[in-house]
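If you want the building blocks of each chain, they are given just below.
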Amino acid sequence: MSVLSIISEYNPYHRGHAYLLEEAKRFTGASHAISIMSGNFSQQGHPMLADKLSRASAAAQAGIDLVFEIPVIYATGSAGDFAEGAVSLLHALGNVDWLCFGVEDPDPELFNRVTDTLLSEPAAFRSALDRSVREGFSFPSARENALVCALGEDVRGFLRRPNNILGIEYILMLKRLGSSIRPVMIRRMGEYHAESGESGFSSASAIRSRLIPLSPEDRRSLLEKELPAGSYDRYAALSHLPILTDDQYTPFLTARLLSAPGRGTEPLPEPEDLPLDMTTAVYRRLMDIPLPATWTEAVNALHTKNVTMSRITRSLLHLMLGITNGDRRRLKEDGCIFYANLLSARRESTHLLRRLQETARIPVISKRSAYSPDPTGSAARLWQLDKNATDLYNQMLFLAGGERLKDESRSKPRIVGQDE
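All of these numbers come straight from a predicted model, not from anything done at the bench.

A. Local environment of the overall build of the protein chain. What the protein chain contains, in helices and strands, is 19 helices and eight strands. Taken against the 2.2 N^0.38 rule, which gives 22 Å for 420 residues, the C-alpha radius of gyration of the protein chain at 21 Å falls within 12% of a compact globule. On the principal axes, the C-alpha backbone points of the protein chain span a range of 60 × 50 × 50 Å. Across the 420 residues of the protein chain, 54% fall into the buried class. Intrachain contacts of the protein chain at a sequence separation of at least 6 include 75% that bridge at least 24 residues. Working note: accessible area of the protein chain is about 18100 Å², and carbon and sulfur atoms make up 49% of it. For the protein chain, the separation between the mean place of its 49 positive charges and that of its 51 negative charges on side chains is 2 Å.

Given below as structure tokens:
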């Protein structure tokens, strides 16, 4: 039994994802495919097009054997945190042979040069990184400058392509873990935010933006065009539900601000207790925003040239979920990943699930109501954060359209197959 893996958001699972799976199977000859998927919120901090169980079952219906969740603290983290959580989860599962991912430039030698430089941090790299940070560059820009200094100006374009960036982080984590999982780079078809072009694939972001203003009937027509058959069946059944947008964060953000430490004359929290990815300077500006305010107004007030928009939206989501800088530090010190939460499976692939339950170095959760980690340990904290994320998403969906989904402990993995 050979197993390839794909790290994903599947927001939604579209024809480009189906192409990646087909190419990954062709290249590796693997008999099975699993995916490690973000839950209800994206890496940029946005609510997903559909809840995590529906998205996972759409991927399973389209051919992915098993879908596990990336814990929310990593799924909504920086590229490095995202990769660390996802790759650590794959590594802990055992019995995974390949990690397949799309990139703009499938050049193994260049990926190795970049990741080896990041691992060894030669003097030229370290000096340029420190200089860029002192000059006020954001960390991603400072690291890019340092890599260019160490490897030459010709790598700058390579370093600015979004899928290359994630690919670098994946390979870097595989090397840090000493993992036997082999990376497989597949050339990405189409542009990152584009509608369908020569490749015939629209990006996930293009699909989402076109869906928002449409009626349920028109949504189904668009989805039928852009999604493979199995995925379409799942999303068509959800087309009557509202699509959540960032603006629907507003009441949850403002309610959190009213009780946030540091508002008014209270002292500011220590850096460890700040929302993950938020600095003291940004938090101070956040506390000074006059209410009433919308989510968009808060984001615009905090955004500067040295703090990316994605980092602002992520950190505000972390504020609402109660995820702190200290959480990230403690979880990483204790081992990063403590369980694998199964979201969906193909009925004919349950033997693979049993195999992973035997080989994994962490619990594989197939019955969430029975999972009860040590309440004093890091697993319990990670689990609580994941439950918080489910509760927030479900509450937003309920307020927007009256849909009442089950909470984390009462929900079950979606098993898809002919006998559903």
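B. Spatial organisation of helix α17 (residues 325-334). Three or more residues of α17 are buried, namely N325, G326, D327 and L331. G335, located one to two residues past α17, shows a positive phi value of around 130°.

C. Focus on the pairing of strand β1 (residues 3-8). Most of β1 is tucked away, with six of its six residues classed as buried. Neither face of β1 is open: one carries V3, S5 and I7, the other L4, I6 and S8, and all of them are buried. Bridge count between β1 and strand β2 (residues 32-38): six bridges; the pairing is parallel. Following the sheet pairing, V3 is matched in β2 by H32.

D. Spatial organisation of the pattern of salt bridges. Throughout the structure, instances matching the rule amount to 25 salt bridges. Ionic pairing is found between E272 and R330, a salt bridge with its closest N-O pair at 4.0 Å. With E272 in the loop between α13 (250-258) and α14 (280-287) and R330 in helix α17, this pair connects stretches of sequence that are 58 residues apart. E272 gets classed as partly exposed once you look at its relative accessible area, which sits at 31%. Shared partners join several salt bridges into a network, and the residues in it are D81, E84, D277, R314, R328 and K332.

E. Layout of helix α16 (residues 309-321). Here α16 is 13 residues long and its end C-alpha atoms lie 19 Å apart, about the 18 Å a rise of 1.5 Å per residue gives. Counting buried positions along α16 yields ten of 13 residues, so the element is predominantly enclosed. On its buried face, α16 is in contact with α3 (72-75), α13, α14, α15 (295-302) and α19 (378-401). Positive phi shows up at G322, right after α16, with a value of about 80°.

F. Structural view of the environment of R160. Following the sequence through the fold, R160 ends up in the loop between α8 (156-159) and α9 (162-177). As a C-alpha pair, R160 and S35 span 125 residues in sequence and 25 Å in three-dimensional space. Residues in contact with R160, not counting those within four places in the same chain, are E144 and I165. A polar atom in the side chain of R160 sits 2.8 Å from the side chain of E144.

G. Expanded view of the pairing of strand β4 (residues 98-103). Counting buried residues in β4 gives six out of six residues, a clear majority hidden from the surface. Neither face of β4 is exposed, since W98, C100 and G102 on one face and L99, F101 and V103 on the opposite face are all buried. Of the pairings in the sheet, the one linking β1 to β4 comprises two bridges and is parallel in character. The residue of β4 that forms the bridge with S5 is L99. Here β4 pairs with strand β5 (residues 182-187) via six bridges, running parallel. Within β5, the position partnered with C100 by the bridge is V184.

H. Local environment of the packing of aromatic side chains. Applying the stated rule across the entire model yields ten aromatic pairs. Taking 5.2 Å as the distance between ring centres and 85° as the angle between the ring planes, the aromatic pair formed by Y339 and W383 counts as edge-to-face. Of the two residues, Y339 sits in the loop between α17 and β6 (340-346) while W383 sits in helix α19, which places them 44 residues apart along the sequence. Judged by relative accessible area, which is 2%, Y339 ranks as buried. According to the relative accessible area criterion, W383 is buried, its value standing at 4%.

Calculation criteria
Residues numbered from 1 in each chain as written. Predicted model: local features only at pLDDT ≥ 70, side-chain atom pairs only at ≥ 80, totals over all residues. Heavy atoms only, no water. Helix = DSSP H or I, 4+ residues; strand = E, 2+ residues; numbered from the N terminus. Rg over C-alpha atoms; globule rule 2.2 N^0.38 Å. Buried < 20%, exposed > 50% of the residue type's maximum accessible area, 1.4 Å probe, protein only. Contact = heavy atoms within 4.5 Å. Areas by Shrake-Rupley, 256 points an atom, 1.4 Å probe, with all protein chains shown as cover. Lys, Arg positive; Asp, Glu negative; His and termini not counted. Charge placed at Lys NZ, Arg CZ, Asp CG, Glu CD. Pairing = 2+ DSSP bridges. Salt bridge = Lys/Arg side-chain N within 4 Å of Asp/Glu carboxyl O. Expected span 1.5 Å × (residues − 1). Polar contact = N/O pair within 3.5 Å; in protein donor to acceptor, adjacent residues only side chain to side chain. Phe/Tyr/Trp six-rings, centres within 6.5 Å; stacked < 30°, edge-to-face > 60°.

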